[in-house]
Amino acid sequence: HQHPFYTKNLHIFTLPDHPDLDGIKTIGNLHDLSHKKYSVITYLGNGWHRKNVDVLNVKSVLSNSLDSVWKMLIAGRGDIVIEWPGAAWPSLKRMGLDQKVVDTGIVISQMQFYLLINKTSPNVKILENFDTVIQEMKKDGSYYRILSNY
């Protein structure tokens with residue numbers, strides 16, 4: 001099928017009192033990041049970071065988990081975190097750190113998700129209809145109402 005059924009926006013998170021918050025807010029895309037002096041905190045095993053940020057020779061600081069990323073940011077061990085808000089906020093709230101970090105609202109990248117079905121599966125015939133239904137749900141708003149529950 002031709003359309004992703006879900007697009008995950010990756011945002012830039014930082015400290016609300018970062019000394020160069022205005023500069024961070026000028027980052028528009030990953031290429032911009034490669035020309036800035038900011039360090040990005042990430043966690044071991046983050047394949048997206050390895051594939052998209054490390055190749056730009058941006059300074060990266062590694063932690064052992066997503067929870068540790070936030071603790072390192074608050075401790076000043078790096079400047080920004082690139083993360084999906086759907087994963088960031090539950091983690092921050094659970095740790096009581098949601099007032100200490102700010103989502104800049106900058107969508108620095110996206111990850112697109114497609115329904116994959118083996119070509120030999122009898123279910124392969126549903127792909128075209130699946131795509132049509134998802135597009136219709138996006139148009140009528142039901143798709144977004146469902147997502148807002150999560």
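Residues numbered from 1 in each chain as written. Predicted model: local features only at pLDDT ≥ 70, side-chain atom pairs only at ≥ 80, totals over all residues. Heavy atoms only, no water.

Even after reading the chapter, I still don't get the sheet that holds strand β5 (residues 102-113), so can you show me in this structure?
Consider a sheet: its strands pair through backbone hydrogen bonds, and that pairing is either parallel or antiparallel. One open sheet accounts for 5 strands, arranged β3-β2-β4-β1-β5; its pairing is mixed. Sheet topology places β3 (60-63) and β5 at the edges, where each strand pairs with a single neighbour. Ignoring strand direction, the axes of neighbouring strands in this sheet form an average angle of 30°. Bridging between strand β2 (residues 40-43) and strand β4 (residues 80-83) involves 2 bridges; their strand directions are parallel. Directly across from V40, in β4, lies its bridge partner I80. Strand contacts of helix α5 (residues 85-94): β1 (6-14), β4 and β5, with the helix running at about 50° to β1, the strand carrying the most contacts. (Pairing = 2+ DSSP bridges. Helix = DSSP H or I, 4+ residues; strand = E, 2+ residues; numbered from the N terminus. Axes fitted to C-alpha atoms, helices over the stretch in contact; angles between N-to-C directions. Contact = heavy atoms within 4.5 Å.)

I would appreciate a short explanation of the side chain of T104 in the present structure.
Position of T104 among the secondary structure elements: in strand β5. Here I12 takes part through its backbone oxygen, which lies 2.8 Å from a polar atom of the side chain of T104. In contact with T104, not counting residues within four places along its chain, are I12, T14 and I24. (Polar contact = N/O pair within 3.5 Å; in protein donor to acceptor, adjacent residues only side chain to side chain.)

Looking at this structure, how should I read the pattern of salt bridges?
Between side chains of opposite charge, a pair can form when the charged atoms approach closely. Taken as a whole and judged by the stated rule, the model has 2 salt bridges. One salt bridge connects R94 with D67, and the closest N-O pair in it is separated by 3.0 Å. Of this pair, R94 sits in helix α5 while D67 sits in helix α4 (residues 66-74), placing them 27 residues apart in sequence. (Salt bridge = Lys/Arg side-chain N within 4 Å of Asp/Glu carboxyl O.)

How do you make sense of the layout of surface pockets when you look at a structure like this?
Gaps left between atoms show up when a probe the size of a water molecule is rolled over them. Taken as a whole, the largest pocket encloses approximately 160 Å³ of empty space. For the largest pocket, the full set of lining residues is Y6, W84, G86, L147, S148 and Y150. Each residue belonging to the lining of the largest pocket can be placed in one class, and the counts come to 4 nonpolar, 2 polar and no charged. (1 Å grid on protein atoms, 1.4 Å probe; cavity = no way out; pocket = protein on both sides within 12 Å on 5 of 7 lines; lining within 4 Å. Points joined across faces, edges and corners; volume = space filled by probe spheres on them. Nonpolar A, V, L, I, M, F, W, Y, C, P; charged D, E, K, R; others polar.)

Can you help me understand the nonpolar core in this one?
The nonpolar side chains of a soluble globular protein tend to be buried, and buried together. Of all hydrophobic cores here, the largest spans 15 residues; its most connected members are L33 and I82. For this core, the secondary structure elements donating two or more residues are β1, α2 (30-33), β4 and β5. Judged by nonpolar contacts, the second largest core, of 13 residues, contains V69, V81, L92 and V101. (Core = buried A, V, L, I, M, F, W, Y, C linked by side-chain atoms within 4.5 Å. Buried < 20%, exposed > 50% of the residue type's maximum accessible area, 1.4 Å probe, protein only.)

Would you explain α5 in this entry?
Of the positions making up α5, those classed as buried are P85, A88, S91 and L92. The buried side chains of α5 occupy one side of the element, clustering within an arc of 140° when seen end-on. Projecting away from the buried face of α5 at angles above 90 degrees are the exposed residues K93 and R94. Remark: G96 follows α5 within two positions and exhibits a positive phi of approximately 70°. (Arc of directions from axis to C-beta.)

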